[in-house]
Amino acid sequence: MTPTVETPAARSAKRPVRRPIRPRTLVIASVAWLLAAVFLLPYLEMVVTALRPADELRDATYLPTHFAWSNFVDVWRESTLGGNLKVTLLVAGGSTLLALLVALPAAYYTARVRYRGRRLFLLLVLVTQMFQPTSLLVGLYREFYQLDMLNSVWTLILCNAAFNLAFAIWILTAYIGSIPVELEEAAMIDGLGRLGSLRRVVLPLAMPGVVTALIFTFISAWNEFVMGLTLSTVPENQPLTVGINSFIGNYTVQWNYLFAGSVVAIVPVVVLFALIERQVVSGLTAGSVK
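Residues numbered from 1 in each chain as written. Predicted model: local features only at pLDDT ≥ 70, side-chain atom pairs only at ≥ 80, totals over all residues. Heavy atoms only, no water.

A closer look at the packing of helix H8 (residues 181-189) against helix H9 (residues 194-205)
Their axes nearest at 9 Å, the elements H8 and H9 cross at an angle of 140 degrees. In terms of orientation, H8 lies oblique with respect to H9. Handedness of the H8/H9 crossing: right-handed. Of the residues in H9, those in contact with Leu183, Glu184, Ala187 and Met188 of H8 are Arg194, Ser197, Val201, Val202 and Leu205. Classifying every residue of the contact of H8 with H9 gives six nonpolar, one polar and two charged. (Axes fitted to C-alpha atoms, helices over the stretch in contact; angles between N-to-C directions. Helix = DSSP H or I, 4+ residues; strand = E, 2+ residues; numbered from the N terminus. Parallel < 35°, antiparallel > 145°, perpendicular 65-115°, else oblique. Left-handed = near helix turned anticlockwise from the far one by under 90°. Contact = heavy atoms within 4.5 Å. Nonpolar A, V, L, I, M, F, W, Y, C, P; charged D, E, K, R; others polar.)

With respect to the packing of helix H7 (residues 153-177) against helix H10 (residues 207-222)
Axis separation between H7 and H10 bottoms out at 9 Å; the angle between their running directions is 160 degrees. Viewed along their axes, H7 and H10 adopt a mutual orientation that is roughly antiparallel. The handedness of the crossing between H7 and H10 is right-handed. Contacts from Asn160, Asn164, Phe167, Ala168, Ile171, Leu172 and Tyr175 in H7 reach Pro208, Gly209, Val210, Thr212, Ala213, Phe216, Thr217, Ser220 and Ala221 in H10.

Examining the packing of aromatic side chains
Two numbers describe a pair of aromatic rings. These are the distance of the centres and the angle of the planes. The final tally for this structure, using the stated rule, is six aromatic pairs. With centroids separated by 6.5 Å and ring planes inclined at 45 degrees, the aromatic side chains of Phe67 and Trp69 adopt a geometry described as tilted. For Phe67, a relative accessible area of 39% corresponds to the partly exposed category. By relative accessible area, which is 58% here, Trp69 ends up exposed. Each ring, one from Tyr141 and one from Tyr145, has its centre 6.4 Å from the other, and the planes form 10 degrees; the classification is stacked. Here Tyr141 pairs with Tyr145, and both are found in helix H6 (residues 137-146), just four residues apart, close to one helical turn. (Phe/Tyr/Trp six-rings, centres within 6.5 Å; stacked < 30°, edge-to-face > 60°. Buried < 20%, exposed > 50% of the residue type's maximum accessible area, 1.4 Å probe, protein only.)

Observations regarding helix H2 (residues 23-50)
A rise of 1.5 Å per residue sets the reference length of H2, with its 28 residues, at 40 Å; its end C-alpha atoms lie 40 Å apart and thus fit the reference within 8%. Where H2 bends most, at Leu40, the angle is about 35 degrees, and the proline Pro42 comes one to four residues later. When we look at burial in H2, the residues that qualify are Met46, Val48, Thr49 and Ala50. (Expected span 1.5 Å × (residues − 1). Bend = angle between axes of the 7 residues up to and from the residue.)

A closer look at unusual backbone geometry
Positive phi outside glycine occurs at Asp148, with the angle close to 55 degrees. Inspection of the secondary structure puts Asp148 in the loop between H6 and H7. The exposed category is assigned to Asp148, whose relative accessible area is 71%.

As for the side chain of Asn71
The topology assignment puts Asn71 in helix H3 (residues 70-77). Within the local environment of Asn71, its side chain forms a polar contact with the backbone oxygen of Ala50, the two atoms lying 2.8 Å apart. The residues contacting Asn71, other than those within four sequence positions of it, are Ala50, Leu51, Arg52, Asn256, Tyr257 and Ala260. (Polar contact = N/O pair within 3.5 Å; in protein donor to acceptor, adjacent residues only side chain to side chain.)

Thoughts on a nonpolar patch on the surface
Together, Leu120, Leu123, Leu124, Val127, Phe131 and Leu136 make up a nonpolar patch on the protein surface, roughly 540 Å² of accessible area in all. Owing to a relative accessible area of 46%, Phe131 belongs among the partly exposed residues under this scheme. (Patch = residues over 30% accessible without salt bridge, like charges linked within 9 Å, V, L, I, M, F, W, Y side chains within 5 Å. Areas by Shrake-Rupley, 256 points an atom, 1.4 Å probe, with all protein chains shown as cover. Salt bridge = Lys/Arg side-chain N within 4 Å of Asp/Glu carboxyl O.)

Following this line, the structure appears as C-alpha cells:
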C-alpha cells in the first residue's frame, strides 16, 4: 500500500480560515481592557505601597528605588496579624457553614410545602435582611456580656451566620422552587426517600444557588468590621479587618504595613473565587443537562 502524499493545496485547504476582526469586536475588547485596567490600578498601587521602604512612603515616584520585601515579614512578626487571619478564617468558614446548614432545609421546606403563612414568612425573611448590625450592637453586647461570651470566636460565628441567614434562605428558596417537583417524585418511586432525593436530585440542580449563598455569606463575614470591633476587645481574638486597623494611629499611619496587611487579607478571597468559579460552571452545566 503506497502512502498518500498531501499536496500543499490540500494542506492549505484544511487550515481554518481566519475571519477578519470586526470593528465592533475591537471596540468592545478595548473598552473591556480599559475597564479592567481601571479596576486593577488601585490593587497595583496597594502592592507597590506595601513594598515601599519606610523612608520612601512620601516620595512621588511610581516605583520605589528598591522593594522592601521585609515589610511582609515585619507585619507578620511584629503584630497580631497571624492570629487575626486565623480568627477571620474560622469566623468566615464557620458562619458560612452554619448559615447553609440552617438555610438549606428551611428553603427546601418553604419551596416545596404550601403551608399557611408562607408568604408572611418570606416577607419577614426579607425584612430581617434590612436590619443593619450596627442598630443591634448594644443589645448584642449586653446579651453576650451576660452570657460571658465576649472575645469568643463562637460569638462572631453566631452573629455573622444570623445576619446572613435571611439572604441564604431567600436565594435557596428561589433556586429550589425552580426545580420541577416531578424529578423528586420519580426519584422516590425508584426507592429514594425525602433526604435521598434532596441529596441526590435537588442539591446538584440547586448548586448554583448554594454557591451564590456561600460566596455572599463568606465575603460578608470576611469583610465584617463593626461586630468584630465591638464584641472582641482582645487583639489576638479580633478579626483581620480590625487587626489591620491597628496600623492607623492617632498621629501617624504605617502605610507600608497597612497595605501589606491588606494584601494578606485579599489573597484568601482571591483563592476562594478561583476555586468557586469552577463549581459555578459545573453546577450550571449539571443543572442544564439533568
